[in-house]
Amino acid sequence: MITQIEAILEAFKHLGVVQSKKEIDEWIQKNYQKDYKDTGTAMADMVPVTHRGNNSSKVPSRFRILLRISRGCYCIIPEKNNSF
């Protein structure tokens, strides 16, 4: 079974640059028929501390590759784009 973090990264891989929580949720539902709770929180936890991310995040550093563009909108940090 795919984890929420993996599903979010797969969605970014297929959808492209900047995505909203809603777009990520819709892609995951369509492709995995799964509703994950608090996708927005998971995406926020995927922002590294060096990019103003959350210090209390339990997400492993290898998955902390998102950049917050605006409220609820994220993209993959350009230099990390090929890391997953």
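Up top you'll find the structure we're talking about.
Summary of the structure given here. (Residues numbered from 1 in each chain as written. Predicted model: local features only at pLDDT ≥ 70, side-chain atom pairs only at ≥ 80, totals over all residues. Heavy atoms only, no water.)

Focus on the overall build of the chain
- A tally of helices and strands in the chain yields three helices and three strands.
- Ordered by position from N to C terminus, the α and β elements of the chain give α-β-α-α-β-β.
- Rg of the C-alpha trace for the chain: 12 Å, near the compact-globule value of 12 Å for 84 residues, within the 12% margin.
- Over its C-alpha atoms, taken along the principal directions, the chain stretches across nearly 35 × 25 × 25 Å.
- Considering the chain as a whole, with its 84 residues, one finds that 37% of them fall into the buried category.
- At a minimum sequence separation of 6, the contacts of the chain that also span at least 24 residues come to 44%.
- In the structure as shown, the chain presents an accessible area of about 5,500 Å², 49% of it carried by carbon and sulfur atoms.
- Separation between the mean location of the 13 positive side-chain charges and that of the 9 negative ones in the chain comes to 5 Å. (Helix = DSSP H or I, 4+ residues; strand = E, 2+ residues; numbered from the N terminus. Rg over C-alpha atoms; globule rule 2.2 N^0.38 Å. Buried < 20%, exposed > 50% of the residue type's maximum accessible area, 1.4 Å probe, protein only. Contact = heavy atoms within 4.5 Å. Areas by Shrake-Rupley, 256 points an atom, 1.4 Å probe, with all protein chains shown as cover. Lys, Arg positive; Asp, Glu negative; His and termini not counted. Charge placed at Lys NZ, Arg CZ, Asp CG, Glu CD.)

Observations concerning unusual backbone geometry
- Its identity as a non-glycine residue notwithstanding, glutamine 33 has a phi of 50 degrees, on the positive side.
- Here glutamine 33 is to be found in the loop between helix H2 (21–32) and helix H3 (39–45).
- Judged by relative accessible area, which is 57%, glutamine 33 ranks as exposed.

Quick word on the environment of isoleucine 2
- Assignment of secondary structure puts isoleucine 2 in the segment before helix H1 (4–15).
- Sequence separation between isoleucine 2 and glutamate 23 is 21 residues; the distance between their C-alpha atoms is 18 Å.
- When near neighbours in sequence (up to four residues on either side) are disregarded, isoleucine 2 contacts Ala7, Glu10, Tyr32 and Tyr36.

Notes on H1
- The terminal C-alpha atoms of H1, which comprises twelve residues, lie 16 Å apart, in line with the 16 Å expected from a rise of 1.5 Å per residue.
- Within the span of H1, buried status applies to Gln4, Ile5, Ala7, Ile8, Leu9, Ala11 and Phe12.
- Looking at the packing, one finds that the buried side of H1 touches strand E1 (19–20), H2, H3, strand E2 (66–70) and strand E3 (73–76).
- Of the residues one or two after H1, glycine 16 is the one with positive phi, at around 105 degrees. (Expected span 1.5 Å × (residues − 1).)

With respect to the nonpolar core
- Counting residues in hydrophobic clusters, the biggest one holds 20 residues, and the most contacted among them are Ile8, Phe12 and Leu66.
- Residue assignment for this core shows that the elements contributing at least two residues are H1, H2, H3 and E3.
- No other element matches H1, which puts six residues into this core.
- Among all residues touching phenylalanine 12, those that are not within four sequence positions of it are Val17, Gln19, Ile24, Met43, Leu66, Tyr74, Cys75 and Ile76. (Core = buried A, V, L, I, M, F, W, Y, C linked by side-chain atoms within 4.5 Å.)

Note that every value here comes from positions in space, so none of it alone points to a role or purpose.
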